[in-house]
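Chain and residue survey
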Amino acid sequence: MNLYDTNFTALDWGIVVAYLVISIFVGIWANKFVGNIAGYLVAGRTLRIRLALATMTGTEIGLVTVMYSSELGFVQQYASLYLALYEFLILLFVGLSGFVVYRLRQTNVMTIPEYYEQRYSRGVRILGAVMMVVSGVLNMGLFLKAGALFLVSVTGFTEPAWLTDFMVATFDYHEPVGLKLIMTGLLLLVLFYTVLGGMISVVITDLIQFVVLGVGMVVVTGFVVNEVGIDGFSEVVTQQHGYFDPTDPDNPSTEKAADGIGPIGMTAQAVVLFVALMLWPAGASRMLAVKSSEVAQQLYLWSTIPFLARRALPVLWGVGAFAFFAINVELGQQLQAAMAEPGSDINTQAAMPLFLAKIIPTGLLGLVTAGMIAAFMSTHDSYLLCWSGVITQDIVAPLRKVPLTDQQRIFVTRIAIVVIGFALLFWGLWYEVSSDLWQYMAVTGTVYLAGVFPVVAGGLYWKRSSSVGAYLALLGGTSGILALGPCVESVNGFLANVGAGFTVNDSQLMMSAFAISAIGFVVGSLTFPDRKDVA
Amino acid sequence: MTAWMTLWTILIVAGGLGMVGLLLGVTSGAVSELKETLAELSGEEAGPETEGAAQADSP
């Protein structure tokens, strides 16, 4: 058997194309419900609990989620499930207590930066919005690549010879372009219906995608368990030195030393997830679109279920891929060789789709792929709408002396969607990720999350919170950039040059960013109170 | 089986069963709520043209 052998046939392509065509028509149809900016950005705040839960699930179970979770399952096996446990416990806490989300929904804002102006000042709103967009676009930067890698791996796509010849003859371009073309195609598809329909088309397509994706996840899990077997999953630990204790800083399934999670990694992820689950803008925008504060709180409580599924099931697929490539030694060697090849697009993310391509039968594989494309689109559309809405509402509109009309706001939002889309394409083509995909997302998210938590939670619960404190907290988040792979190397190079005698890792730098923001917020608020507090 | 593996097994089983339960319990209700949402949006008069209008719609 060859590494790229797949059960994906013309029938599966037909299923996928039919699904995509339906999605496009929904986008066009939903356009007729767009009346004003509230309708475009938060669906007129009409969402009730079941619809909100279905669309939140559609948004939060993205293909990128499936890819990074299964990659963690493949690389860190069962130990990576500590993230599923964290998400479950944090959402349970927020859902039961209403911490932050209840009061935030009571403020009736449409975006988090809008709250910054309501509580602090217009300047805080604009700075907060800029930080949010920078962090968000960086965070989305690898979505396209992950989606395209899934499609290439599962379909066994190989670049036709005429295309390679054309690129060499016309542009003197010698690298593979198949993955890049698929990335571009996926982007154009999402841009098309998000630009047209806004949140209403996102809600409708998310509902369809929730069903397709949910069924797809259950079906895939059934095939994975059937293929590997209960004994196979046990042997991952008993015979293949699988990693199952996340407190151990060494991953026993690899030869490298101290490449596991450990207490520091676990603490950093707990902090990131705690803030992200409450205040990550795409999820928060769904919370702000529900009918009331009570529904917002219920939404978080019920989200414990899909959030558990979005982590646990793909991790199981990744563990299944680990077991499959360990048992099929020849395939495992081919995979290692493909990953080691210079300039290769194949990495640890590809293990899961390559595995699924061999165990799921023709026809069903098309449905599963449609489900995964659904997952890709439902996240991408929500994220695009969220960041572009922030640009319009919280950067462009506050900077204008004359208020924008609703139609102008919708127009600016649509332009922003397209601009962000192409920025993502450029970043996805250019940036080579040096860590696993989840770590990249946690680090880029930190740039925003480190600042937003003290500013929002402090604003809601601490009377002495001030604008200066908010500025310092938001700016402190920029130190999170230092946790990106190339920056960590630079920091350690600097430490070696000054003879510091120690090195730092990305988890420590992430936690530093949270600490800097929190300290900046408290010190700034106490030292420079807002005038209304002084009076 | 260690305590860790017991915990991970519980999480995986709960995730799988939870997804099935969610699909069965939410889908039909969500479809009828979507119809109500679209009906509300269709019946909505064109409001004032700034974000204040959006806030006026909220409870």
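Note that the structure is predicted; figures quoted are calculated from it, not measured. (Residues numbered from 1 in each chain as written. Chains lettered and ligands numbered in written order. Predicted model: local features only at pLDDT ≥ 70, side-chain atom pairs only at ≥ 80, totals over all residues. Heavy atoms only, no water.)

Details of the overall build of chain B
A count of helices and strands for chain B gives 2 helices and 0 strands. In chain B, which comprises 59 residues, the share counted as buried stands at 39%. Of the roughly 3,200 Å² that chain B leaves accessible, carbon and sulfur atoms contribute 67%. (Helix = DSSP H or I, 4+ residues; strand = E, 2+ residues; numbered from the N terminus. Buried < 20%, exposed > 50% of the residue type's maximum accessible area, 1.4 Å probe, protein only. Areas by Shrake-Rupley, 256 points an atom, 1.4 Å probe, with all protein chains shown as cover.)

Some words on the nonpolar core
Residue and element names in this part refer to chain A. Counting residues in each nonpolar core, the largest one holds 191 residues, and the members touching the most others are Ile112, Leu279, Trp317, Phe325 and Val456. The dominant element in this core, judged by the number of residues it contributes, is helix α11 (residues 178–238), at 21 residues. Discounting chain neighbours no more than four positions away, the residues touching Trp317 are Val66, Met217, Val220, Thr221, Val224, Met352, Phe355 and Met372. (Core = buried A, V, L, I, M, F, W, Y, C linked by side-chain atoms within 4.5 Å. Contact = heavy atoms within 4.5 Å.)

Examining helix α12 (residues 262–279) of chain A
Every α-helical turn comprises 3.6 residues, leaving residues that sit three or four positions apart pointing alike. Here α12(A) contains 18 residues, and its C-alpha end-to-end distance of 26 Å stays within 8% of the 26 Å for a straight helix at 1.5 Å per residue. Within the span of α12(A), buried status applies to A:Gly262, A:Gly265, A:Met266, A:Ala268, A:Gln269, A:Val272, A:Leu273, A:Val275, A:Ala276, A:Leu277, A:Met278 and A:Leu279. (Expected span 1.5 Å × (residues − 1).)

Comments concerning the side chain of A:Ser517
Examined against the element boundaries, A:Ser517 turns out to sit in helix α23 (residues 506–527). Not counting the four nearest positions on each side in its chain, A:Ser517 is found in contact with A:Ala450, A:Gly451, A:Pro454, A:Ala473, A:Gly476 and A:Gly477.

Regarding the confidence of the model for chain A
Mean pLDDT over chain A stands at 87; residues scoring 70 or higher make up 94%. Of all the helices and strands in chain A, helix α2 (residues 37–42) of chain A carries the lowest mean pLDDT, 56, while helix α21 (residues 467–476) of chain A carries the highest, 97. (pLDDT = per-residue confidence, 0-100.)

Describing the packing of aromatic side chains
Residues and elements named next belong to chain A. Within the structure shown, the criterion is met by 18 aromatic pairs over all chains. Seen from their ring centres, Phe143 and Tyr383 are 5.5 Å apart, and the 45 degrees between their planes marks the pair as tilted. Of the two residues, Phe143 is situated in helix α9 (residues 143–155) and Tyr383 in helix α18 (residues 364–399); the sequence distance between them amounts to 240 residues. On the basis of relative accessible area, Tyr383 is assigned to the buried category, the value being 6%. Ring centres of Trp280 and Tyr448 lie 5.7 Å apart, and the angle between their planes is 75 degrees; on these two criteria the pair is classed as edge-to-face. With Trp280 in the loop between α12 and α13 (281–288) and Tyr448 in helix α20 (residues 437–461), the pair connects residues that are 168 residues apart, well separated along the chain. Given the relative accessible area of 9%, Trp280 is considered buried. On the basis of relative accessible area, Tyr448 is assigned to the buried category, the value being 2%. An aromatic cluster is present here, built from Phe93, Phe99, Phe274, Phe453 and Tyr461 joined pairwise through their rings. The positively charged end of Arg311 is found above the aromatic ring belonging to Trp438, 4.3 Å away from the centroid. (Phe/Tyr/Trp six-rings, centres within 6.5 Å; stacked < 30°, edge-to-face > 60°. Lys NZ or Arg CZ within 6 Å of the ring centre and 35° of its normal.)

Observations regarding the pattern of salt bridges
When the charged atoms of two side chains with opposite charge come close together, those side chains can pair. All names here are of chain A. Scanning the entire structure with this criterion turns up 5 salt bridges over all chains. Close ionic contact of Arg122 with Glu117 constitutes a salt bridge, the shortest N to O distance being 2.9 Å. Residue Arg125 pairs with Glu117 through a salt bridge whose shortest N-O separation is 2.6 Å. With a relative accessible area of 3%, Arg125 lands in the buried category. Taken together, the salt bridges that share partners define one network made up of Glu117, Arg122, Arg125 and Asp394. (Salt bridge = Lys/Arg side-chain N within 4 Å of Asp/Glu carboxyl O.)

Observations regarding the environment of A:Val455
Residue and element names in this part refer to chain A. Among the secondary structure elements, Val455 is positioned in helix α20. Exposure remark for Val455: the relative accessible area of 0% places this residue in the buried category. Spatially, the C-alpha atoms of Val455 and Ile360 are 48 Å apart, while their sequence positions differ by 95 residues. Residues within four places of Val455 in sequence aside, it is in contact with Tyr115, Tyr116, Tyr120, Ala470, Ala473, Leu474 and Phe521.

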